[in-house]
Structures are given as structure tokens and as C-alpha cells.
Amino acid sequence: MPPRSTIPGDDGSPKIHRHYLLGTGKTFGVFLHHFVGSDSPTEFHDHPWSWGVSLILRGGYTEERCLGSDRTITRRWLGPGRLNLLLPNVFHRVELRDRRPAWTLFIHGPKTRRWGFLDSITGAFRYWAA
């Protein structure tokens, strides 16, 4: 089995089990993600890579994106076979349907920045502490 890390949610319980198929997150990489928890309802994150694409393999999730200075929120369902393109400064969150897990194949380019988090209510931005 490839190396794995677990990304915790706000309450400390597992949110994503990340299996490293290729790379470690700094350069081009391929991860198998097993989503077991949803993101916080008001906190959106962006990604540190120059680009990323996720292919939903099993299950699925509702993605919310927080757009523009007025923080407009859009929602869409991404089920098996769907692709999700994630570019820098795109803030989004993942919500599992009925707490059912989802599996995705995530491919990304080189790391160009740090993870960022945006509070959709206050507009406050912070970098990930680690």
C-alpha cells in the first residue's frame, strides 16, 4: 500500500485519508483521496499548487465555491466520472452527502504557495498553520 496521511477536520476527527501514489505534494503528484468527513460549513480553502484536477471515482460530494469580493457561493454535485478543476485562488469546500464517503483521484502541478482559508461570513483570510 502506498504511503498515507490523514487530514483532520476542525474537530480533530479524520476528514481525508490521502494515499500518495506519485510525489509528495511539492512537485507533480497523484493522490488517491478517501473523503470520510466534510469541510467546515463556513470555511473555504484554496490549493497550493499551480493547478489541480480531481476525478470522482466513487460516491461524490457537493462542492461549494466562494467567488469574488462579495463572497457569492455556488453549489454543485460532483458524482462518479466528474472532473473538478482547481486553480489558484479558487476557494471551495467539500460536503459529503449523508456522510457517505467519496473516493477521488487527485492530480496536481508544482506547489507555488501555501494553503489558504477564507471565512465565508467575515471574509477573514488565514494561511494554514503547518
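Residues numbered from 1 in each chain as written. Predicted model: local features only at pLDDT ≥ 70, side-chain atom pairs only at ≥ 80, totals over all residues. Heavy atoms only, no water.

As for the overall build of the protein
Step number 1: Each helix and strand in the protein was counted, giving zero helices and 12 strands.
Step number 2: Going from N to C terminus, the protein has its helices and strands arranged as β-β-β-β-β-β-β-β-β-β-β-β.
Step number 3: Here the protein has a C-alpha radius of gyration of 14 Å; the compact-globule value for 130 residues is 14 Å, and the two agree.
Step number 4: The principal-axis extent of the C-alpha atoms belonging to the protein is close to 45 × 35 × 30 Å.
Step number 5: Counting every position in the protein, which comprises 130 residues, the buried fraction comes to 42%.
Step number 6: Across the protein, contacts joining residues at least 24 apart in sequence account for 59% of those joining residues at least 6 apart.
Step number 7: For the protein, the accessible surface area stands at approximately 7300 Å², while carbon and sulfur atoms represent 58% of it.
Step number 8: Once the 18 positive and 11 negative side-chain charges of the protein are each reduced to a mean point, those two points are 7 Å apart. (Helix = DSSP H or I, 4+ residues; strand = E, 2+ residues; numbered from the N terminus. Rg over C-alpha atoms; globule rule 2.2 N^0.38 Å. Buried < 20%, exposed > 50% of the residue type's maximum accessible area, 1.4 Å probe, protein only. Contact = heavy atoms within 4.5 Å. Areas by Shrake-Rupley, 256 points an atom, 1.4 Å probe, with all protein chains shown as cover. Lys, Arg positive; Asp, Glu negative; His and termini not counted. Charge placed at Lys NZ, Arg CZ, Asp CG, Glu CD.)

Some words on unusual backbone geometry
Step number 1: Even without glycine at this site, aspartate 98 takes up a positive phi of about 55°.
Step number 2: Relative to the assigned elements, aspartate 98 resides in the loop between strand S9 (91-96) and strand S10 (102-108).
Step number 3: Note on aspartate 98: relative accessible area 61%, which makes it exposed.

A short note on the environment of valine 30
Step number 1: Assignment of secondary structure puts valine 30 in strand S3 (residues 29-35).
Step number 2: Distance in space between the C-alpha atoms of valine 30 and tryptophan 51 is 12 Å, their sequence separation being 21 residues.
Step number 3: Every residue in contact with valine 30, bar those within four places of it in the chain, is listed here: His19, Tyr20, Leu21, Leu22, Leu105, Phe106 and Ile107.

What about a nonpolar patch on the surface?
Step number 1: A cluster of nonpolar side chains, contributed by Leu21, Leu22, Phe28, Trp51, Leu85 and Leu87, occupies part of the molecular surface with about 540 Å² of accessible area.
Step number 2: Structurally, phenylalanine 28 is set in the loop between strand S2 (14-22) and S3. (Patch = residues over 30% accessible without salt bridge, like charges linked within 9 Å, V, L, I, M, F, W, Y side chains within 5 Å. Salt bridge = Lys/Arg side-chain N within 4 Å of Asp/Glu carboxyl O.)

Description of the pairing of strand S7 (residues 72-78)
The two faces of a sheet get side chains in turn, since along a regular strand they alternate between them.
Step number 1: Relative to S7, strand S6 (residues 61-67) runs antiparallel, the two being bridged by seven bridges. If you follow glutamate 64 over to S7, its bridge partner there is arginine 75.
Step number 2: Adjacent in sequence and paired antiparallel, S6 and S7 are bridged by four residues, among which glycine 68 carries a positive phi angle near 70°. (Pairing = 2+ DSSP bridges.)

Describing the nonpolar core
The nonpolar side chains of soluble globular proteins are, as a tendency, buried together.
Step number 1: If you look at the biggest cluster of nonpolar residues, it comprises eight residues: Ile16, Phe35, Ile56, Tyr61, Leu78, Val94, Leu96 and Ala102.
Step number 2: Setting aside residues up to four positions removed in sequence, alanine 102 forms contacts with His33, His34, Phe35, Arg58, Gly59, Gly60 and Leu96.
Step number 3: Of all hydrophobic cores here, the second largest spans seven residues; its members include Tyr20, Trp49, Trp115 and Phe117. (Core = buried A, V, L, I, M, F, W, Y, C linked by side-chain atoms within 4.5 Å.)

The analysis is restricted to geometry; functional conclusions fall outside its scope.
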